[in-house]
Amino acid sequence: MIYKSKIGDIDLSKIVRLYPAAVVEVNGETAEMSLEWADMNGEKVNITSYALIFDFTPPKDELRNKKELHFETKDELIEIMTEVAQFFQE
(Lines give C-alpha, C1' and ligand atoms only; values in the text may rest on other atoms or scores of the structure.)
Protein backbone atom coordinates (compact mmCIF):
# COMPACT_ATOMS: atom_id res chain seq x y z
CA MET A 1 0.00 0.00 0.00
CA ILE A 2 2.00 2.94 -1.28
CA TYR A 3 0.50 6.43 -1.10
CA LYS A 4 2.11 8.83 -3.56
CA SER A 5 2.22 12.17 -1.77
CA LYS A 6 3.73 15.57 -2.46
CA ILE A 7 6.67 14.60 -0.20
CA GLY A 8 7.24 11.21 -1.86
CA ASP A 9 5.99 7.66 -1.54
CA ILE A 10 4.62 6.62 1.86
CA ASP A 11 4.33 2.91 2.70
CA LEU A 12 1.00 2.76 4.50
CA SER A 13 1.52 -0.89 5.50
CA LYS A 14 4.24 0.18 7.95
CA ILE A 15 2.26 2.88 9.79
CA VAL A 16 1.98 2.51 13.56
CA ARG A 17 -0.17 5.63 14.02
CA LEU A 18 -1.89 7.94 11.56
CA TYR A 19 -3.42 11.14 12.87
CA PRO A 20 -4.37 14.70 11.90
CA ALA A 21 -3.14 17.74 13.78
CA ALA A 22 -3.37 21.49 13.85
CA VAL A 23 0.01 23.23 13.98
CA VAL A 24 -0.23 26.13 16.40
CA GLU A 25 2.10 28.93 17.40
CA VAL A 26 2.12 30.24 20.95
CA ASN A 27 4.77 32.67 22.21
CA GLY A 28 7.10 31.86 19.31
CA GLU A 29 6.88 28.09 19.86
CA THR A 30 5.08 25.70 17.51
CA ALA A 31 3.30 22.51 18.50
CA GLU A 32 1.00 19.92 16.99
CA MET A 33 -2.39 19.79 18.68
CA SER A 34 -5.44 17.63 18.08
CA LEU A 35 -8.11 19.02 15.77
CA GLU A 36 -10.59 18.89 18.65
CA TRP A 37 -8.27 20.99 20.84
CA ALA A 38 -7.75 23.46 17.97
CA ASP A 39 -11.52 23.77 17.42
CA MET A 40 -12.05 24.54 21.10
CA ASN A 41 -9.04 26.89 21.48
CA GLY A 42 -8.49 28.27 17.99
CA GLU A 43 -9.31 31.82 19.01
CA LYS A 44 -6.60 31.75 21.72
CA VAL A 45 -3.73 30.59 19.50
CA ASN A 46 -2.44 31.12 15.98
CA ILE A 47 -3.12 28.05 13.82
CA THR A 48 -0.34 28.18 11.24
CA SER A 49 -1.23 25.03 9.28
CA TYR A 50 -2.71 21.57 9.47
CA ALA A 51 -0.85 18.28 9.19
CA LEU A 52 -1.44 14.61 8.58
CA ILE A 53 1.12 12.63 10.56
CA PHE A 54 2.30 9.22 9.36
CA ASP A 55 4.10 7.76 12.39
CA PHE A 56 6.22 4.64 11.84
CA THR A 57 7.74 4.60 15.36
CA PRO A 58 7.44 1.23 17.13
CA PRO A 59 6.02 1.30 20.67
CA LYS A 60 8.60 2.20 23.34
CA ASP A 61 11.05 3.45 20.69
CA GLU A 62 12.40 6.87 21.62
CA LEU A 63 13.69 7.81 18.16
CA ARG A 64 10.69 9.19 16.22
CA ASN A 65 10.25 8.00 12.64
CA LYS A 66 7.48 9.96 10.99
CA LYS A 67 6.50 11.84 7.86
CA GLU A 68 4.21 14.85 7.81
CA LEU A 69 2.05 16.35 5.10
CA HIS A 70 1.22 20.01 5.78
CA PHE A 71 -1.78 21.95 4.51
CA GLU A 72 -2.89 25.57 4.67
CA THR A 73 -6.52 24.74 5.40
CA LYS A 74 -8.49 22.17 7.34
CA ASP A 75 -10.48 21.40 4.18
CA GLU A 76 -7.27 20.41 2.35
CA LEU A 77 -6.35 18.14 5.28
CA ILE A 78 -9.78 16.46 5.24
CA GLU A 79 -9.53 15.94 1.47
CA ILE A 80 -6.20 14.08 1.79
CA MET A 81 -7.40 12.14 4.85
CA THR A 82 -10.29 10.88 2.72
CA GLU A 83 -7.88 9.94 -0.06
CA VAL A 84 -5.61 7.99 2.33
CA ALA A 85 -8.61 6.29 3.98
CA GLN A 86 -9.47 4.70 0.62
CA PHE A 87 -6.32 2.56 0.90
CA PHE A 88 -7.58 1.01 4.14
CA GLN A 89 -11.03 0.20 2.74
CA GLU A 90 -9.76 -2.05 -0.05
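What comes next concerns the included structure. This structure is a prediction, so every number in the text was calculated from the model and none was measured. (Residues numbered from 1 in each chain as written. Predicted model: local features only at pLDDT ≥ 70, side-chain atom pairs only at ≥ 80, totals over all residues. Heavy atoms only, no water.)

**Focus on the nonpolar core**
Working step 1: Tyr-3, Leu-12, Leu-52, Phe-54, Ile-80 and Val-84 are the most contacted members of the largest nonpolar core, which totals 16 residues.
Working step 2: Counting residues per element, the ones that place at least two in this core are α1 (35–41), β5 (46–55), β6 (66–71) and α2 (74–88).
Working step 3: Discounting residues that sit within four places of it in the chain, Ile-80 has contacts with Tyr-3, Leu-52, Leu-69 and Phe-71. (Core = buried A, V, L, I, M, F, W, Y, C linked by side-chain atoms within 4.5 Å. Buried < 20%, exposed > 50% of the residue type's maximum accessible area, 1.4 Å probe, protein only. Helix = DSSP H or I, 4+ residues; strand = E, 2+ residues; numbered from the N terminus. Contact = heavy atoms within 4.5 Å.)

**Concerning the sheet that holds β6**
Think of a sheet as strands paired side by side through backbone hydrogen bonds, with each pair either parallel or antiparallel.
Working step 1: Taking strand neighbours across the sheet as the criterion, the four strands line up as β4-β3-β5-β6 in an open arrangement whose pairing is antiparallel. A single partner strand is all that each edge strand has here, and the edge strands are β4 (29–33) and β6. When strand polarity is set aside, the average angle formed by the axes of neighbouring strands in this sheet is 30 degrees.
Working step 2: Pairing geometry for strand β3 (residues 17–26) and β5, over nine bridges, is antiparallel. (Pairing = 2+ DSSP bridges. Axes fitted to C-alpha atoms, helices over the stretch in contact; angles between N-to-C directions.)

**Notes on a nonpolar patch on the surface**
Working step 1: Among the surface-exposed residues, Met-1, Leu-18 and Phe-88 lie close enough to one another that they form a single nonpolar patch of about 270 Å² accessible area.
Working step 2: As for its placement among the helices and strands, Met-1 is situated in the segment before β1 (2–5).
Working step 3: Residue Met-1 is classed as partly exposed on the basis of its relative accessible area, which comes to 42%. (Patch = residues over 30% accessible without salt bridge, like charges linked within 9 Å, V, L, I, M, F, W, Y side chains within 5 Å. Areas by Shrake-Rupley, 256 points an atom, 1.4 Å probe, with all protein chains shown as cover. Salt bridge = Lys/Arg side-chain N within 4 Å of Asp/Glu carboxyl O.)

**Description of the pattern of salt bridges**
Working step 1: Per the stated rule, a full pass over the model turns up six salt bridges.
Working step 2: The partner of Asp-55 in a salt bridge is Arg-64, and the shortest N-O contact between them spans 2.7 Å.
Working step 3: Here Asp-55 falls in the buried class, since its relative accessible area comes to 1%.
Working step 4: Between Lys-66 and Glu-68 there is a salt bridge, with its nearest N and O atoms 3.5 Å apart.
Working step 5: Looking at Lys-66, the relative accessible area reads 34%, which means it is partly exposed.
Working step 6: Residue classification places Glu-68 among the partly exposed positions, given a relative accessible area of 23%.
Working step 7: Through salt bridges with shared partners, a single network forms among Arg-17, Asp-55 and Arg-64.

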